[in-house]
Amino acid sequence: MDTPADARDLDEPTEPTEPEPTEATGPAEVTRRRTGGRSAQVRAKVLEAVGHLLVAQGYDLLTVDAVADRAGVHRTTVYRRWRDVGGLLADLLDAASADSWSPPDTGSLEGDLTALGQEVYEALTGGPTLTTVLIAASFRFPQAAEALSRFWEDRYERSAAPVARAAARGEIPAGTDPRAVLVAATAPLYHELLLLRSAPDPTLPHRTARAAAVAARAGAFAAGGGSV
């Protein structure tokens, strides 16, 4: 646990003083120090604290002071950099988009959609999770809502790959809309588990994936549509 002295040291300054490039260091070395310096460490501590407190207490009890205390940094650091709870939530979501996640490749559209659905299912049924809390918080904080939209845009872009692969294999018609397929495969999970609060059903990811894959093969999501 950080002591008050450690917190004060992290707080001053929030952004580390950057050295000028020299022949010894060069611009690349300065950039490396900038991205991995004290400021990055403070951000990591603060965002970890936000995630922990959200799951443990919910967003209604999330405060800047509580985050600062959990992170072991001075509260003025948090106020100066994130301003309020909305800023903290937005940065947490933006940080999530910087991960290395990629959609599964099982060799078939139905298999890929089932694997994607399984990830969603596990995130929504594992008790109080960061996913569900952030979705709920986005209705309260405009900054979080905007960041959540950016997060979903990023995920939809990455998740288009399984649909493109299926079209390349001739499994589905060329011109099939990836987003329409993905929404058809995953929206029922959110509807059943978040909106209706239905009891968890382990078969749900595969059933929704199979329905979406059947519709995609029939051309329902291709330009001009089709008949199922």
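Note that the structure is a prediction, hence the values are computed from the model and not measured.

Rules behind the numbers
- Residues numbered from 1 in each chain as written.
- Predicted model: local features only at pLDDT ≥ 70, side-chain atom pairs only at ≥ 80, totals over all residues.
- Heavy atoms only, no water.
- Helix = DSSP H or I, 4+ residues; strand = E, 2+ residues; numbered from the N terminus.
- Buried < 20%, exposed > 50% of the residue type's maximum accessible area, 1.4 Å probe, protein only.
- Contact = heavy atoms within 4.5 Å.
- Areas by Shrake-Rupley, 256 points an atom, 1.4 Å probe, with all protein chains shown as cover.
- Core = buried A, V, L, I, M, F, W, Y, C linked by side-chain atoms within 4.5 Å.
- Expected span 1.5 Å × (residues − 1).
- Arc of directions from axis to C-beta.
- Salt bridge = Lys/Arg side-chain N within 4 Å of Asp/Glu carboxyl O.
- Phe/Tyr/Trp six-rings, centres within 6.5 Å; stacked < 30°, edge-to-face > 60°.
- pLDDT = per-residue confidence, 0-100.

Enquirer: Honestly, the overall build of the protein in this entry has me stumped. Any pointers?
Expert: Secondary structure summary: the protein contains 12 helices and zero strands in total. The linear arrangement of helices and strands in the protein, starting from the amino end, is α-α-α-α-α-α-α-α-α-α-α-α. Taking all 228 residues of the protein together, the buried fraction comes to 39%. Sequence-distant contacts, at least 24 apart, represent 66% of the contacts inside the protein between residues at least 6 apart. Accessible surface for the protein amounts to roughly 12200 Å². Of this, 55% is attributable to carbon and sulfur atoms.

Enquirer: What is the right way to look at the nonpolar core in this model?
Expert: What tends to happen in soluble globular proteins is that the nonpolar side chains get buried as a cluster. Of all hydrophobic cores here, the largest spans 31 residues; its most connected members are Val-46, Val-50, Leu-54 and Leu-89. Looking at this core, the elements that each hand over two or more residues are α3 (38-57), α4 (64-71), α5 (75-82), α6 (85-96), α8 (130-137) and α9 (142-158). Of all hydrophobic cores here, the second largest spans 15 residues; its members include Leu-113, Ile-172, Ala-209 and Ala-212.

Enquirer: Is there a simple way to explain helix α12 (residues 204-217) in this structure?
Expert: In an α-helix, one turn spans 3.6 residues, which is why side chains three or four residues apart end up on the same side. Here α12 is 14 residues long and its end C-alpha atoms lie 20 Å apart, about the 20 Å a rise of 1.5 Å per residue gives. Among the residues making up α12, those that are buried are Leu-204, Pro-205, Thr-208, Ala-209, Ala-212, Ala-213, Ala-215 and Ala-216. The arc that holds the buried residues of α12, viewed along the axis, is 160°, so those residues lie on one side. Against α7 (109-125) and α11 (178-195) lie the buried residues of α12. With its phi angle positive at about 90°, Gly-219 sits one or two positions after the end of α12.

Enquirer: How should I be thinking about the pattern of salt bridges in this particular structure?
Expert: Two side chains of opposite charge can pair, provided their charged atoms sit close to one another. Under the defined criterion, the tally for this structure stands at 14 salt bridges. Between Asp-112 and Arg-165 there is a salt bridge, with the nearest N and O atoms lying 3.1 Å from each other. Of this pair, Asp-112 sits in helix α7 while Arg-165 sits in helix α10 (residues 161-168), placing them 53 residues apart in sequence. Of the residues examined, Asp-112 reaches a relative accessible area of 0% and is grouped as buried. You can call Arg-165 partly exposed: its relative accessible area is 23%. Measuring nitrogen to oxygen at the nearest pair gives 2.9 Å for the salt bridge that ties Arg-158 to Asp-154.

Enquirer: Would you mind going over the side chain of Thr-176 with me for this structure?
Expert: Turning to its location among the elements, Thr-176 is positioned in the loop between α10 and α11. Exposure remark for Thr-176: the relative accessible area of 8% places this residue in the buried category. Thr-176 has contacts with Val-163, Val-181, Phe-221 and Ala-222, leaving out every residue within four places of it along the chain.

Enquirer: Mind showing me how you'd approach the packing of aromatic side chains here?
Expert: Aromatic rings in a pair are described by how distant their centres are and how their planes are angled relative to each other. Overall, the coordinates contain two aromatic pairs when judged by the stated rule. Ring geometry for Phe-151 versus Trp-152: centroids 5.3 Å apart, planes at 65°, classification edge-to-face. Through successive ring pairs, a cluster of aromatic residues spans Phe-151, Trp-152 and Tyr-190.

Enquirer: Please clarify how the confidence of the model for the protein should be interpreted in this entry.
Expert: In regions of low pLDDT, the predicted coordinates are not meant to be interpreted in detail. Here the protein shows a mean pLDDT of 85. Residues at 70 or above account for 82%. For residues 1-34, every residue scores under 50 in pLDDT, and the model assigns this stretch 38 contacts once sequence neighbours within four places are set aside.

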